[in-house]
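# Residue-level structural notes
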Amino acid sequence: MPVVRERTSRSLAATDFVNEGDCDLTPATKSETAVLQPFPPHKPDSQTQLYARLITYIKPYSLQFVCGILAAIPSGSMDAAIAWLAGQGLQKILVEGHEKLIYWVPIAVLITASAQGIFRFLEAFTIRYVGAAAIRDLRNEIFCHLESQPLLYFHGQSSGIMIGRLTNDVAVIENAISQSFQSLISRTTTLVSLVVVLLLQSWKLSLIALSILSCIVLPVSILSRKIRKSSRASQENIGDLVSVVSESIQGAKIVQSFNLESYQISKFMTVNGMFFENAMKSVRAEAMMSPILAMIGAAGIAAVMWVAGWQVVHKQMTIGSLTSFIIALLLLYSPIKNLGRINGIIQPALAAAARVFEILDRKPEIADAANAVELETGRHRIRFEEVFFQYPTPQGERQSQMVLHNINLEIPPGKVVALVGLSGSGKTTLANLVPRFFDVSAGTVLIDERPVQAYTLASLRSEIAVVTQDNFLFNTTVAENIRLGKLDATEEELLAAAKAAYCHEFILEATPLRLVNEVCVCPAGSSSDWL
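What this report covers is the structure whose coordinates are included nearby. All values derive from a computational prediction rather than experimental measurement.

Here the focus is the environment of Ile-382. Structurally, Ile-382 can be placed in strand S3 (residues 382–389). Sequence separation between Ile-382 and Ile-411 is 29 residues, and the spatial gap between their C-alpha atoms is 5.1 Å. Beyond its immediate stretch of four places on either side in the chain, Ile-382 contacts Leu-409, Glu-410, Ile-411, Val-434, Leu-446 and Ile-447.

Interaxial distance between helix H6 (residues 203–213) and helix H9 (residues 261–313) falls to 8 Å at its minimum, and their mutual angle equals 165°. Here H6 lies roughly antiparallel to H9, going by the angle between them. Regarding H6 and H9, the two cross each other, and that crossing is right-handed. In this structure, H6 contributes Leu-205, Ile-208, Ala-209, Ile-212 and Leu-213 to the contact, and H9 contributes Ile-296, Gly-297, Ala-299, Gly-300, Ala-303, Val-304, Val-307, Ala-308 and Gln-311. The residue inventory of the contact of H6 with H9, partitioned by class, reads 11 nonpolar, three polar and no charged.

We now examine the environment of Ser-183. Of note, Ser-183 is situated in helix H5 (residues 159–201). With relative accessibility at 17%, the residue Ser-183 sits in the buried group. Taking the C-alpha atoms as reference points, Ser-183 and Glu-123, separated by 60 residues in sequence, lie 9.4 Å from one another.

For the coordinates displayed, the defined rule picks out eight salt bridges. Residue Arg-136 pairs with Asp-137 through a salt bridge whose shortest N-O separation is 3.4 Å. We classify Asp-137 as partly exposed; its relative accessible area is 24%. For the salt bridge of Glu-410 with Arg-381, the shortest nitrogen-to-oxygen distance reads 2.8 Å. Of this pair, Glu-410 sits in strand S4 (residues 404–411) while Arg-381 sits in the loop between helix H10 (319–360) and S3; the two residues are 29 residues apart in sequence, bridging distant segments of the chain. When its relative accessible area of 36% is taken as the criterion, Glu-410 is described as partly exposed. It is possible to trace a salt-bridge network through shared partners that takes in Arg-383, Glu-385 and Glu-449.

Of all eight residues that make up S3, six are buried, and the element is covered over most of its length. Here S3 pairs with S4 via five bridges, running antiparallel. Along S4, the bridge assignment pairs Phe-389 with Leu-404. Sheet topology places S3 next to strand S6 (residues 442–447); five bridges connect them, and they run antiparallel. Looking across to S6, one finds that Phe-388 is bridged to Ala-442.

The residue Glu-386 is not glycine, and still its phi comes out positive at about 50°. Its place among the elements puts Glu-386 in strand S3. The residue Asn-406 is not glycine, and still its phi comes out positive at about 55°.

Another aspect to go through is the nonpolar core. A general feature of soluble globular proteins is that nonpolar side chains tend to end up buried together. The biggest cluster of nonpolar side chains holds 29 residues, and the ones touching the most others in it are Ile-216, Met-317, Phe-325, Leu-329 and Leu-332. Elements with a minimum of two residues in this core: helix H2 (62–95), H5, H6, helix H7 (217–250), H9 and H10. The leading source of residues in this core is H9, at nine residues. Residues within four places of Ile-216 in sequence aside, it is in contact with Leu-293, Ile-296 and Ile-336. In this structure, Ile-142, Met-162, Ala-353 and Phe-357 belong to the second largest nonpolar core, which totals 24 residues.

This next bit is on the sheet that holds strand S7 (residues 450–451). The sheet built from four strands is open, its strands ordered S4-S3-S6-S7 with antiparallel pairing. Only two strands of the sheet have a single partner each, and these edge strands are S4 and S7.

Position of His-380 relative to the elements: it lies in the loop between H10 and S3. Reaching out from His-380, the side chain makes a polar contact with the backbone oxygen of Glu-376 at a distance of 3.0 Å. A distance of 2.7 Å separates polar atoms of two side chains, one belonging to His-380 and the other to Asp-448. Beyond its immediate chain neighbours, meaning those up to four positions away, His-380 contacts Leu-375, Ile-411, Pro-412, Pro-413, Ile-447, Asp-448 and Glu-463.

This paragraph deals with a nonpolar patch on the surface. A cluster of nonpolar side chains, contributed by Ile-102, Tyr-103, Trp-104, Ile-107 and Ile-111, occupies part of the molecular surface with about 600 Å² of accessible area. Mapped onto the secondary structure, Trp-104 falls in helix H3 (residues 101–147). With a relative accessible area of 57%, Trp-104 lands in the exposed category.

Rules used in this analysis
Residues numbered from 1 in each chain as written. Predicted model: local features only at pLDDT ≥ 70, side-chain atom pairs only at ≥ 80, totals over all residues. Heavy atoms only, no water. Helix = DSSP H or I, 4+ residues; strand = E, 2+ residues; numbered from the N terminus. Contact = heavy atoms within 4.5 Å. Axes fitted to C-alpha atoms, helices over the stretch in contact; angles between N-to-C directions. Parallel < 35°, antiparallel > 145°, perpendicular 65-115°, else oblique. Left-handed = near helix turned anticlockwise from the far one by under 90°. Nonpolar A, V, L, I, M, F, W, Y, C, P; charged D, E, K, R; others polar. Buried < 20%, exposed > 50% of the residue type's maximum accessible area, 1.4 Å probe, protein only. Salt bridge = Lys/Arg side-chain N within 4 Å of Asp/Glu carboxyl O. Pairing = 2+ DSSP bridges. Core = buried A, V, L, I, M, F, W, Y, C linked by side-chain atoms within 4.5 Å. Polar contact = N/O pair within 3.5 Å; in protein donor to acceptor, adjacent residues only side chain to side chain. Patch = residues over 30% accessible without salt bridge, like charges linked within 9 Å, V, L, I, M, F, W, Y side chains within 5 Å. Areas by Shrake-Rupley, 256 points an atom, 1.4 Å probe, with all protein chains shown as cover.

Structure representation (structure tokens):
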């Protein structure tokens, strides 16, 4: 049973004891756990909802996006114009005998191709700009959202999985928006314009070709679902890989102390193998899509050539119309194949978007109240009044026991309280309730006779100094690490803080430039403890 001792800030001797009955950290009964709420389950978005949510990140750049679409229309339709020019040119030159056109038709084709190149540049630049800007905003929103989450959220998450969502998943979405989205608009425009040329040349042949090409829809939809499923599994494996690497690097001392190198290697290879298997499932589905599209396209071309040949022989179709039709049909195969390839990129992006939105949809449980006030600087009275606490559990899992049970404790200003007890008895949890790293499950924590929820988080935490059991240094200079306690600290204040922490000598070594310029890389358990 832990005991709470009070001592003054200048004396190490215990001056008071709190009765164990007033500070009981034993587990609660089953009925007392009813005040607790488990983590709410996340309802996944449908594919249409995912599209709609991704488009919201494009809205701030509507002008650039519209410019890209306007450039994509002529860019995509130029293939149809070239097919029409080639067919009509041959008809005029070979059949109708307009020999002068033999010089003008090639020039017209070159001018059309040059104009297409200009429009393609404008299309690619504007739409990729929109995609990159949207992803920048999404990445900023994810990080800001993570920074607003309470400490309890990070206790239930793997750092590797969270890093994977912020980096790998967002990169997959970026590839889909910046590149595939641009190709999607251009290729769709090309597809529509070529279909118009086909209908103008021969609506009968067009019906034959399009009816055969429509058979693409079913295999594409089936393979898309497989790609999306395996891609989500692969992205989760990436998070697991990052977790294993992060654990091995951060816990290198533990790994070496307990001879866990082989265990960690085996664990990494197992997860890496799972990633390989899921990646190959996605690759297999994508690889199947191309030959399926090729076979269906070849069947459409063969049927058209058979019918068109019969029509030309029986004078029901001119050579020029046949040429335009065949060229348009051959050009039609490329956007159809590209749309299938784009679909293979979009499906992993949708799986990644679903994982990212799982983070964004989680609302912070701890936030400032609407009428929160600033906590004034100075000494404060802390009081725990019938405090209960239990860590929430995911939906469907058995609830854990109470960590804190009926805590009643008052700490006057100027006193230091030592919590003494066995490991896991709730000492750290009790301390974490004061800066609202967690909120109580029942009861009240008061500062100056007001609940801690009545104060803003920033003002509350600015009055609390925390020294954790584990040291942590940010990847920046020594000065910046010290300045984290007060971001606007002057050079004189930095030096004073370094001296007060007894790390002035080994940092400076006769020159103050080391404090400012050197990146903080200190061996764990020595200099880093002082910093």
